[in-house]
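Chain by chain, the residues:
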Amino acid sequence: MRITPSLLSADFTRLAEEIRTVEKAGAHGLHLDVMDGHYVPNLTFGPMVVAAVRRCTDLPLDAHLMIENAPEHIRAYADAGADAIAVHPEAVPHLHKTLSDLRALDVRPGLAINPLSPLGSIEEALGAVDYAIVMSVNPGWGGQRFIDGSMDRIRQVRRLAERCNPSLEIVVDGGINASRIEAAREAGADVAVAGSAVFGAADPAAAVREMLTA
Ligand code: DX5
Ligand code: ZN
């Protein structure tokens, strides 16, 4: 299972140091939770912080856009250095066009699937993305409780992927800690995002290593 810590829970007074810590511990990438205060009530950071993170590390950066009007902003995140960008289909009126635009920007396109969003509505789209984020919390905050039933959601997305995109990478995002890694892997996830379980730990490096060996 690849581990991509979410910077949402990092100490922003020491962001470069926090990035170095998890990178040295073996993190496979960094998950950047972009929130605009409209699509979700929380407001986090924008392209400027993504560009600053880009200057700190060579790790792959995946931007998770929890924003309204995502299509209008994808170029800014691509230009800031995001290697992968996931959008919430509910915030994208013309999904095929936006996913094509992401590929044209040489960015890996992804979809973020909210808890209870009907999977039938995104089945076809799974063929047009490199990865799907299965949200195991409601978008908007770090440190929430893992939603029961999310492992089944991962299984369902994996089954859909077998039909329409066998190489789909499945990311599980929200409420993940070391004790959930094995079940998530067995359900079909390839990548785990962890924010508070990493940066809220007394020793974030040890927390990453524990997840890598779980
Ligand atoms: C929630 C975000 C998640 C969250 C993960 O809207 O998409 O990435 O920050 O943080 P934890 O691991 O603390 O749930
Ligand atoms: Zn996220």
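Structural data are supplied above this passage.
Residues numbered from 1 in each chain as written. Chains lettered and ligands numbered in written order. Predicted model: local features only at pLDDT ≥ 70, side-chain atom pairs only at ≥ 80, totals over all residues. Heavy atoms only, no water.

The environment of ligand 1 is made up of 20 residues, and the closest members are Asp 33, Gly 140, Asp 173, Gly 195 and Ser 196. At a separation of 3.3 Å, an oxygen atom of ligand 1 approaches a polar side-chain atom of His 31. With respect to ligand 1, the backbone of Gly 143 contributes an N or O atom lying 2.8 Å from an oxygen atom. Protein chains shield 100% of the accessible area of ligand 1, which is 380 Å² for the free molecule. The site holding ligand 1 turns out to be the largest pocket. (Near = heavy atom within 4 Å. Polar contact = N/O pair within 3.5 Å; in protein donor to acceptor, adjacent residues only side chain to side chain. Areas by Shrake-Rupley, 256 points an atom, 1.4 Å probe, with all protein chains shown as cover. 1 Å grid on protein atoms, 1.4 Å probe; cavity = no way out; pocket = protein on both sides within 12 Å on 5 of 7 lines; lining within 4 Å. Sits in = over half its atoms within 2 Å of the grid points.)

Taken residue by residue, helix H1 (residues 15-25) has Leu 15, Glu 18, Ile 19, Val 22 and Ala 25 as its buried positions. What you see down the axis of H1 is that its buried residues fit within an arc of 130°, all on one side. In this structure, the buried residues of H1 make contact with strand E1 (2-5), strand E2 (30-35), helix H2 (47-56), helix H7 (196-199) and helix H8 (204-212). One or two residues past the end of H1 sits Gly 26, with phi positive at roughly 110°. (Buried < 20%, exposed > 50% of the residue type's maximum accessible area, 1.4 Å probe, protein only. Helix = DSSP H or I, 4+ residues; strand = E, 2+ residues; numbered from the N terminus. Arc of directions from axis to C-beta. Contact = heavy atoms within 4.5 Å.)

Another point: the packing of H1 against H8. Running from N to C, H1 and H8 point in directions that differ by 35°, and their axes come no closer than 8 Å. As H1 packs across H8, the resulting crossing turns out to be right-handed. Along its contact with H1, which presents Thr 21, Val 22 and Ala 25, the element H8 presents Pro 204, Ala 205, Val 208, Arg 209 and Leu 212. (Axes fitted to C-alpha atoms, helices over the stretch in contact; angles between N-to-C directions. Left-handed = near helix turned anticlockwise from the far one by under 90°.)

Geometry sets the ideal angles at a metal, namely 109.5 degrees for four tetrahedral donors and 90 or 180 degrees for six octahedral donors. His 31 (NE2), Asp 33 (OD), His 64 (ND1) and Asp 173 (OD) make up the full set of protein donors to the zinc ion (ligand 2), lying at 2.1 to 2.3 Å. Viewed at the metal, the six donor atoms of the zinc ion (ligand 2) are separated by angles of 73 to 174°, and the geometry they form is octahedral. The exposure class assigned to His 31 is buried, which follows from its relative accessible area of 0%. (Donors = N, O, S within 2.8 Å, 3.2 Å for Na, K, Ca; no water. Tetrahedral: all angles 85-135°; square planar, octahedral: opposite > 155°, others 65-115°.)

Within the open sheet, the eight strands sit side by side as E1-E8-E7-E6-E5-E4-E3-E2. Their pairing is parallel. Looking at which strands have only one partner, the edges of the open sheet turn out to be E1 and E2. Between one strand and the next, the sheet's axes are offset by a mean angle of 25°, whatever the strand orientation. Here helix H5 (residues 150-164) sits on the sheet in contact with strand E5 (108-113), strand E6 (131-135) and strand E7 (169-173), set at roughly 155° to E6. (Pairing = 2+ DSSP bridges.)

All told, the structure shown has 13 salt bridges when counted by the stated rule. With its nearest N and O atoms 3.3 Å apart, the salt bridge here joins Arg 14 to Glu 18. Residue classification places Glu 18 among the buried positions, given a relative accessible area of 4%. A salt bridge links Lys 97 to Asp 101, with the nearest nitrogen and oxygen atoms 2.7 Å apart. Residue Lys 97 and its partner Asp 101 are both found in helix H4 (residues 95-104); the two are separated by four residues, about one turn of the helix. Residue classification places Lys 97 among the exposed positions, given a relative accessible area of 51%. Connected via shared salt-bridge partners are Arg 2, Arg 103, Arg 108, Asp 130 and Glu 169. (Salt bridge = Lys/Arg side-chain N within 4 Å of Asp/Glu carboxyl O.)

Of the volumes computed, that of the largest pocket is approximately 250 Å³. Residue lining of the largest pocket: 26 residues in total, with Trp 141, Gly 142, Gly 143, Gly 174 and Gly 175 positioned closest to the centre. For the lining of the largest pocket, the elements supplying multiple residues, two or more each, are E2, strand E3 (61-66), strand E8 (191-194) and H7. For the lining of the largest pocket, the per-class residue count stands at eleven nonpolar, 13 polar and two charged. What the second largest pocket holds in volume is close to 210 Å³. Around the second largest pocket sit 15 residues that line it, and Thr 4, Pro 60, Asp 62, Arg 108 and Glu 169 are the ones nearest its centre. Secondary-structure elements contributing two or more residues to the lining of the second largest pocket are E1, E3, E7 and E8. (Points joined across faces, edges and corners; volume = space filled by probe spheres on them. Nonpolar A, V, L, I, M, F, W, Y, C, P; charged D, E, K, R; others polar.)

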